Amino acid sequence: MMKVVEHTFENGLKLLVREDRSAPVASFWLFYRVGAADERPGITGISHYLEHMVFKGTERFKKGDIPNLVRGNGGVLNGQTSFDYTLYFETLPSDRIEVALQIESDRMVNCLIDPREVELERTVVLSELEGAENDPLFHLHITVQSIAYQVHPYRWPVIGWRCDLERITRDDLWQYYRRFYVPNNAVAVIAGDIDPGRAIELVGRYFGDLPRGEEPERARPPEPPQMGERRVKLHKRSNLAHVLIAYHIPEASHPDIYPLLVLESAMNGRSGRLYKALVEKELATTAWASVRMLREPGLILFGATAKEGVPIERVEEALLKEIEGIREGLSEAELERAKNLRESGFLLSMDSVSSQARMIGFYEMVSSYKQLEEYLDKLKEVRAEDVARVAGRYLTERNRTVGWLVPEGGASGAVSGGAGPEIASWSGGDGEPAREVLENGMVVIAKRNPALPIVQVRGAIKLGGRAEPPELGGISEFTAQLLMRGTENRSAIRIAEEIESIGSSVNIWGGIDSVGFGLSSTSRNFEKTLEILADCLLNPTFPEEEVEKIRSLDLSRLKREMDIPGNVAERLLYKLIYPEGHPYRYIPGYDEETLTRMRREDLVSFHSRFYRPDMTVIAVVGDVDPREAIDAVVRAFEGWRAEGEPHDPTIPPVDFAESGRHEIPMPDKSQTDILLGHKGIKRNIPDYHAFSVLNEILSGFGGRLFTAVRDEQGLVYGVRSWYVAGLGEGPFGVGLGTNPKNVGKALRIIERELKRIKEEPVSDEELDRAKNALRGRFILSMETNWGVAHKLAMAEFFGLGLDYIRKAPELIAAVGREDVIEAARKYIHPEKLITVIAGAVGG
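Counting restarts for each chain: residues are numbered from 1 in the order of the written sequence. Thresholds applied to this predicted model are a pLDDT of at least 70 for local features of residues and 80 or more for the giving and counting of side-chain atom pairs; totals over whole chains, interfaces and linings are not thresholded and use all residues. By convention in this description, side-chain values take in all heavy atoms of the structure and omit both hydrogens and water.

Engineer: Describe the overall build of the protein chain, with residues and values.
Structural biologist: Across its full length, the protein chain carries 30 helices and 22 strands. By principal-axis analysis of the C-alpha atoms, the protein chain measures approximately 75 × 70 × 60 Å. Relative accessibility under 20% of the residue-type maximum defines a buried residue, over 50% an exposed one, and the middle range a partly exposed one, all with a 1.4 Å probe and only protein chains included. Split into buried and exposed, the 843 residues of the protein chain put 63% on the buried side. For the area figures, the Shrake-Rupley method with a 1.4 Å probe applies, and any residue is considered shielded solely by the protein chains shown. Accessible area of the protein chain: about 30800 Å², with a carbon and sulfur share of 48%. Positive charges are assigned to Lys and Arg, negative charges to Asp and Glu, while His and the chain termini are left out of the count. Here the site of a charge means NZ on Lys, CZ on Arg, CG on Asp, or CD on Glu. One way to put it: in the protein chain the 106 positive side-chain charges average out to a point 2 Å from where the 128 negative ones average out. The helix and strand labels rest on DSSP assignments: H or I over at least four residues marks a helix, E over at least two residues marks a strand, and numbering proceeds from the N terminus.

Right under this line is the structure:
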């Protein structure tokens, strides 16, 4: 299945190619064998800092050129730093993949590391750190990590310590770059719509003549065996308590990794041991296990967030009981379930060429890409006694580190006052989609893609603004959560066990405009998974016990969300934009008041009134014949009939709300999160694509806001404009996080840019780049079965036509300069923006 062509050039660069013709997309990833574990005290975080600097330009590609070039060719790009590697990638229409090779070959040897840019980017890196520090869990994770490792450099965080980030020099960065960014320390990966021979020829053309460097010296002292339990207790402002437990495990290439991965899956999921023991018994809101696969000995982590009012000691006791219990091994049913989950997860991770390239490169960094070729076979060989053996060997008291995060006061405060390149349209899978309207009014769309033995489904039930009474805002979300908590045919635990035992996943979620649902499964288990999904949608019983359990868990979850300034700001912004009684007040979800008010009979009534087949669309994409897929839907939803007339799905219009500035001080936060917004657009407006082009010019990597606020001033790590376009007028806004001392300056720049786009026509270059970026991303979004299913379902939902996935790139291409400025003048109003500031206010 995982056929990879390997080629090594004379300069030491290794190339790995995976051909996949399922979509006209190719993805290029360049991995360097350097990460946080190659650093030393005094320069921790330098790998990540250098990753930022690599985007700042070369002699050939000036500052801002690289993101603009990729976006202008319809692609996406990014970078990432980890413990063992640093990576850069570009995913593009396959006939544009040379753009990636031009960029990465130049960046390997010609980065400028300009001193002025080093200082500007220092503020950006510190902003990224401050954003992470706003989450109390970040502090717990890096503290446990630094105690679990006493010697090995895995002990410091990838982003680095603040004291080092403030002192790293341009010379430090330059020497680090020259030392590690050499062909013989790199691995290139190409996956997608490209012939391996052609890939080798192209990479050789751009990289083959680059000089081989000296072999980098590495100082990674081995971690000595842990001789006893280590403990740490953090006191931070947080709404909930958290516990994190770490055990040392072997490196990724060790054969024990496979039973450890099976152990992880046995612990996770709604039918897994941790959920049953901690979440179902209402001790915790979340409980999980995670294997950290590293090139050298890593960790397996177990974590839980205590439910409000539950002592952290009880949570740790329950967590340790399950960890110790796994030493006795798994039942055959548990073993089969865990292995099926890992198999389906592996197959689904291969669903896009981007993820294929990432997986190949990741395994090559921590072990060997050849491990992927044997992955499924090795999983099948795992026995229950293997799981018991590794649990007994590694999950011991002397080998563990335990961390607590104990709340110290609440987290939130009170509110105060020329033509670009041509990009082809998408033509993927196997033939045209099939569409059929069933007797009950349900619309089914099916498309075959035989590339992998998997099937994915995306569906929606249209609701609209009049479905939710104002006093029960968010009831759609609460109702959807209960659908998998018991039906006329299955209990909650049986639903979870049946789904996870065959390695499938089913999800149902509620929103204002619609109820969404989806599934992922292997081809052989598609019909069984679909039947379970249909049972949950059609026959829920809303057991009183489950209603109260979910309510209790969600009240604790809301507390956890309110630890994050961005979440606090978002909820307030929506309530300021939309008046009392408007359904879009609850787009971020219900609040404590409405959640406490909802009763079981409200959920039963909402389901019976608004879950209707004649308001439902379902799209099936994957390795299944379209006719067979439609027939499977007919069988699964047999007997579902619409009663009475359908409801009105329209959303009431809204006026602009009063502008103003609102501050929410949150002590113990490092960064200020800012949201600005006002009412925006509906999806079905004639100038929708003009507005989307306008937003692309403003937002994104290389957009006007990014350039003005980050690239030119270094004030933020991230800034973007955004909009939600649904059945009604969703919001338009701008979001960013910055140090408190930079708030005023950042806001002035944003106001300037929003006014400028209304007053000055965009350049032809900006327009072409934005249109190509949107057209390219539209195509890239359909490199997965889920992406195709989502696009087909939403085209039907909004009445855009089955051919929309082919027409959309043409509609974007037709947008002109006058269309953009007209959309800006019509829909963007800086003087009407509401500003919400949360977190570290003042400074």
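Engineer: An account of unusual backbone geometry is needed here, citing residue identities and associated values.
Structural biologist: Not every positive phi belongs to a glycine, and E282 is a case in point at roughly 60°. For E282, the position within the fold is in the loop between α10 (273-279) and β9 (284-292). Take E282: its relative accessible area is 28%, and that puts it in the partly exposed class.

Engineer: Now, about a negative patch on the surface: what can you tell me, with residues and values included?
Structural biologist: There is a patch of like negative charges on the surface, built from E373, E374, D377 and E381. Mapped onto the fold, E381 is located in helix α14 (residues 370-381). Two distance rules govern patches: like charges are joined within 9 Å, and nonpolar side chains (Val, Leu, Ile, Met, Phe, Trp, Tyr) within 5 Å, applied only to residues with over 30% relative accessible area and no salt bridge. Only one rule defines a salt bridge in this text: a Lys or Arg side-chain nitrogen within 4 Å of an Asp or Glu carboxyl oxygen.

Engineer: Explain the side chain of T305 residue by residue, including any values.
Structural biologist: Examined against the element boundaries, T305 turns out to sit in strand β10 (residues 299-306). A polar contact of 2.9 Å, which involves the side chain of T305, links it to the side chain of H242. In the analysis that follows, any N or O atom pair within 3.5 Å is treated as a polar contact, provided that within protein one partner can donate a hydrogen and the other can accept it, and provided that, for residues neighboring in sequence, both atoms belong to side chains.

Engineer: If you had to explain the sheet that holds strand β3 (residues 25-32) to someone new, which residues and values would you point to?
Structural biologist: For two strands to be treated as a pair, DSSP must find at least two bridges joining them. One open sheet holds the six strands; their spatial order is β1-β2-β6-β3-β5-β4, and the pairing between them is mixed. The open sheet is flanked by β1 (5-8) and β4 (76-81), the only strands paired with a single partner. In this sheet, neighbouring strand axes are inclined to one another by 15° on average, regardless of whether the strands run parallel or antiparallel. Sheet analysis places β3 next to strand β6 (residues 186-192), joined by seven bridges and oriented antiparallel. Counterpart to L30 in the pairing with β6 is A188. By definition in these notes, contact holds between two residues if any of their heavy atoms fall within 4.5 Å. Each axis is a line fitted through C-alpha atoms, taken for helices only over the stretch in contact, and angles between the N-to-C directions span 0 to 180 degrees. Running at roughly 155° to strand β5 (residues 86-93), helix α3 (residues 98-110) makes contact with β3, β5 and β6 of the sheet. Across the sheet, helix α27 (residues 764-780) is in contact with β3, β4 and β5; its angle to β5 comes to roughly 95°.

Engineer: Would you mind going over the pattern of salt bridges in detail, with residue names and values included?
Structural biologist: A side chain of one charge can pair with a side chain of the opposite charge when the charged atoms of the two come close. Evaluated as defined, the whole model comprises 81 salt bridges. A salt bridge links E215 to R212; the shortest N-O distance between them is 3.3 Å. Classification of E215 as partly exposed rests on a relative accessible area of 47%. Among the ionic contacts, a cluster of salt bridges with common partners joins R490, R494, E498, K528, E531 and D535.

Engineer: Go over the sheet that holds strand β20 (residues 716-723) with me, naming the residues and quoting the values.
Structural biologist: The strand order across the open sheet built from five strands is β18-β22-β19-β21-β20, with neighbouring strands paired in mixed fashion. At either end of the open sheet lies a strand with only one pairing partner, and these are β18 (660-665) and β20. Neighbour-to-neighbour, the strand axes of this sheet turn through a mean angle of 15°, independent of strand direction.

Engineer: Quick one: what's the story with the nonpolar core, residue by residue and with numbers?
Structural biologist: Core analysis: the biggest nonpolar cluster contains 136 residues, and L263, L278, F302, I508, L530, L537 and F637 have the highest contact counts within it. With residues up to four places along the chain from it excluded, the contact list for I508 reads A480, L483, M484, V515, G516, F517, L533, C536 and L537. Y49, L77, L92 and Y176 belong to the second largest nonpolar core, which has 54 residues in total. In plain words, nonpolar cores are sets of buried Ala, Val, Leu, Ile, Met, Phe, Trp, Tyr and Cys residues tied together by side-chain atoms within 4.5 Å.

Engineer: So, the packing of aromatic side chains: which residues are in play, and what are the values?
Structural biologist: Pairs were defined over the aromatic rings of Phe, Tyr and Trp, the Trp ring being its six-membered one, requiring ring centres within 6.5 Å. Orientation was assigned from the angle between planes: stacked under 30 degrees, edge-to-face over 60, tilted for the rest. With the rule as written, the count across this model stands at 31 aromatic pairs. Seen from their ring centres, F691 and F732 are 6.0 Å apart, and the 80° between their planes marks the pair as edge-to-face. Separated by 41 residues along the polypeptide, F691 in helix α24 (residues 688-698) and F732 in strand β21 (residues 731-738) bring together distant segments of the chain. Pair check on accessibility: F691 and F732 agree, each one buried. Here the aromatic residues Y32, F55, Y88, W174, Y177, Y181, F701 and F706 are joined through ring pairs into a cluster of three or more. For R683, the ring lying beneath its charged end belongs to Y688, and the centroid distance is 3.7 Å. For a ring to carry a charge above it, either NZ of a lysine or CZ of an arginine must fall within 6 Å of the ring centroid while also lying within 35 degrees of the normal to the ring plane.

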